[in-house]
Amino acid sequence: MKSFLIVLACVLSQTLAVAQVDTTQRVAPNRKNSPEQQQKPYVILISADGFRYDYADKYQAKNLLALREQGVQAESMVPAFPTKTFPNHYSIVTGLYPAHHGLVNNYFYDPQRKESYSMRERSKVEDGRWYGGTPLWVLAEQQQMLSASFFWVGSEAPIQGILPTYHYQYSEVMPMEKRIQTVVDWLNLPEERRPHLITFYLPEVDHAGHRYGPDAPETKQAVQELDTHMKQLTDAVATTGLPVNFIFVSDHGMLHIDTENTLPLPAAIDTAKFMVSGGGMVVELHAKNKKAIRSTYRQLKEEATKYQVYRKKNMPRHLRYGKKDDRYGRIGDILLLSDAPKVFHFSSRKPSPGTHGYDACQVKEMHATFYAWGPAFRKGVKVPTFENVEVYPLIAKLLGLTFDHKIDGKGKLLKEVL
Ligand SMILES: [Zn+2]
């Protein structure tokens, strides 16, 4: 009985440890805006996860529709492959494709480190060595401009040794009113300590899209609730009287998938010879012995239906996910890409009806949203579809931040929107 109680106590304390989230603000000490940076405008970069390019119109998000009328809207924004949350949020703030910044998926295996990254493991998320490129907040802090993050992929790790001046550990428990109030409090700080770049992340629309599908009433409701929060945020920020530019983006879209006939792990794959990572629309095989690649690839090619098989060296160029682009050596030797709306699924539980990850050039439903408004933006402008790596040079320009490292964004958006 006693040992049973000890076990029970352990289980309970573990459960509590999981449920307990640190919601305190983390502040890097002794940082100040330089006098030059104090003269700069402000940018709030908002991401609504999984907010498909057509959601605002489809679900009549009236506040967002009005806000984009006062500024710029893109036909859509193209996410990088794979169209997943972590790689794309990090592409937006680095201007680099996933294979160039290293965060190639939400979960992936690194053969050199002999370990896996997982978006759900705090020790990985907070380990700056996983993240390449120079995120916008690092660029800002390097130039003595303060930044703040109400969540963004990468913002909890010291990257090049630097965290945003103000940040939080990711959690979904804090009420929206409190988050919005925090943004206003930041903007009301004395000029020396006031952040000029604020990132703000909202997961709810993605959750609804996965659980109920993009066409469900629950997803419509999530879009409309988010729309109300956008009005609360912009109204609250307006009370500061500061020149704030808003950029509202998403990381990817959402597609209703085939949940009945999912794809199993193909029989040709010998897990003694390959590390299998991924699932859903992209399965990656890392060969333990490179000699196994050719024969397995051939066999897979023969038996593949409803999915495409590639060797890393012959991945379609436009995906930027092949051997030439693989700067961190994290892409598999063989890749299986399911044809929409099919998914690979290896558990006995039925998959959720909505998901994302497909090639955005083939599946328009993967496209993301871009709206921007504020004093720096042209008004009533509609621009054609562009890639999300273009957001980086845009924000750098808005904040007057300089950089000489190479990025994938070409900066072609600047003339059209500013
Ligand atoms: Zn998602």
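Keep in mind the model is a prediction, meaning the values are calculated, not measured.

Rules used throughout
- Residues numbered from 1 in each chain as written.
- Predicted model: local features only at pLDDT ≥ 70, side-chain atom pairs only at ≥ 80, totals over all residues.
- Heavy atoms only, no water.
- Helix = DSSP H or I, 4+ residues; strand = E, 2+ residues; numbered from the N terminus.
- Rg over C-alpha atoms; globule rule 2.2 N^0.38 Å.
- Areas by Shrake-Rupley, 256 points an atom, 1.4 Å probe, with all protein chains shown as cover.
- Lys, Arg positive; Asp, Glu negative; His and termini not counted.
- Charge placed at Lys NZ, Arg CZ, Asp CG, Glu CD.
- Patch = residues over 30% accessible without salt bridge, like charges linked within 9 Å, V, L, I, M, F, W, Y side chains within 5 Å.
- Salt bridge = Lys/Arg side-chain N within 4 Å of Asp/Glu carboxyl O.
- Pairing = 2+ DSSP bridges.
- Axes fitted to C-alpha atoms, helices over the stretch in contact; angles between N-to-C directions.
- Contact = heavy atoms within 4.5 Å.
- Donors = N, O, S within 2.8 Å, 3.2 Å for Na, K, Ca; no water.
- Tetrahedral: all angles 85-135°; square planar, octahedral: opposite > 155°, others 65-115°.
- Domains from an automatic or database assignment.
- Buried area = accessible area lost by both parts, 1.4 Å probe.
- Polar contact = N/O pair within 3.5 Å; in protein donor to acceptor, adjacent residues only side chain to side chain.
- Nonpolar A, V, L, I, M, F, W, Y, C, P; charged D, E, K, R; others polar.
- Buried < 20%, exposed > 50% of the residue type's maximum accessible area, 1.4 Å probe, protein only.
- Core = buried A, V, L, I, M, F, W, Y, C linked by side-chain atoms within 4.5 Å.
- Arc of directions from axis to C-beta.

Caption draft 1: Local environment of the overall build of the protein chain. Summing up its helical and strand segments, the protein chain has 14 helices and 19 strands in all. In terms of C-alpha radius of gyration, the protein chain reaches 22 Å, essentially the compact-globule figure of 22 Å for 418 residues. By element, 52% of the accessible surface of the protein chain is carried by carbon and sulfur atoms, the whole surface being about 18,500 Å². Distance between charge centres in the protein chain, computed from 52 positive and 44 negative side chains, equals 5 Å.

Caption draft 2: Spatial organisation of a positive patch on the surface. Among the surface-exposed residues, Arg294, Arg298, Lys313 and Lys323 lie close enough to one another that they form a single positively charged patch. Mapped onto the elements, Arg298 comes out in helix α12 (residues 292–303).

Caption draft 3: The sheet that holds strand β12 (residues 274–279), seen in detail. Pairing within the open sheet is antiparallel, and its 4 strands lie in the order β12-β13-β15-β14. Either end of the sheet is taken by a strand with one partner, and the two such strands are β12 and β14 (307–311). Recorded for the sheet is a direction-independent mean angle of 15° between the axes of neighbouring strands. Of the strands in this sheet, β12, β13 (282–287), β14 and β15 (334–338) touch α12, which is tilted by about 160° from β14.

Caption draft 4: Spatial organisation of the environment of Phe150. For Phe150, the position within the fold is in strand β7 (residues 147–150). Separated by 114 residues in sequence, Phe150 and Pro264 have C-alpha atoms that sit 38 Å apart.

Caption draft 5: The coordination of the zinc ion, seen in detail. The zinc ion binds to the protein through Asp206 (OD), Asp206 (OD), His210 (NE2) and His356 (NE2); the donor distances cover 2.1 to 2.5 Å. The coordination sphere of the zinc ion comprises 4 donor atoms, whose angles at the metal cover 54 to 151°; the geometry is irregular. Positions of the donor residues of the zinc ion, expressed as sequence spacing, correspond to D-x3-H-x145-H. A residue pair is termed long-range when its members are at least 10 positions apart, and His210 in helix α10 (residues 204–212) and His356 in the loop between β16 (354–355) and β17 (370–373) qualify at 146 residues.

Caption draft 6: Structural detail: the domain arrangement of the protein chain. Examined at the domain level, the protein chain breaks down into domain 1 (25–96 + 133–256 + 361–417) and domain 2 (274–352). Computed from C-alpha atoms alone, the centre-to-centre distance between domain 1 and domain 2 is 31 Å. Roughly 810 Å² is buried in total at the junction of domain 1 and domain 2, and carbon and sulfur atoms are behind 70% of that figure. Our count for the domain 1 to domain 2 interface comes out at 0 salt bridges. The interface formed by domain 1 and domain 2 holds 0 residue pairs in polar contact (both at pLDDT 80 or more) in total. Put simply, the parts of the chain that give the side of domain 1 that touches domain 2 at least two residues each are α10 and β11 (255–256). Residue composition of the side of domain 1 that touches domain 2, grouped by class: 6 nonpolar, 3 polar and 2 charged.

Caption draft 7: Quick look at the pairing of β13. For β13, a buried count of 6 out of 6 residues is recorded, marking the element as mostly surrounded by other parts of the structure. On β13, burial covers both faces: Val282, Glu284 and His286 on one face and Val283, Leu285 and Ala287 on the other are all buried. Taken together, β12 and the strand that follows it, β13, pair antiparallel across an intervening segment of 2 residues, in which Gly280 is found at a positive phi of about 65°. As paired strands, β13 and β15 are joined by 4 bridges and run antiparallel to one another. Counted as the bridge partner of Val283 is Leu336 from β15.

Caption draft 8: Quick look at the nonpolar core. Counting 68 residues, the largest nonpolar core has Tyr131, Ile247, Phe370 and Ile395 as its most contacted members. Here this core takes 6 residues from helix α13 (residues 391–398), the largest share from any one element. Taken domain by domain, this core gets at least three of its residues from each of domain 1 (25–96 + 133–256 + 361–417) and domain 2 (274–352). Those residues in contact with Ile247 that lie beyond four places of it in its chain are Val43, Ile44, Leu45, Ile46, Phe370, Tyr371, Ala372, Phe377, Leu394, Ile395 and Leu398.

Caption draft 9: Representation of α10. Burial in α10 covers these residues: Val205, Asp206, Ala208 and Gly209. The arc that holds the buried residues of α10, viewed along the axis, is 165°, so those residues lie on one side. Against the buried residues of α10 lie α3 (55–58), α11 (217–238) and β16. Gly213 occupies a position one or two residues after α10 and carries a positive phi of about 95°.

Caption draft 10: Focus on the sheet that holds β7. Spatially, β1-β8-β7-β9-β2-β10-β17-β3-β18 is the arrangement adopted by the 9 strands of the open sheet, whose pairing is mixed. A strand with exactly one partner marks an edge of an open sheet, and here the two such strands are β1 (26–27) and β18 (381–383). Relative to strand β9 (residues 197–202), β7 runs parallel, the two sharing 4 bridges. Residue Ser147 lies in a different strand from β9, and its bridge partner there is Leu197.

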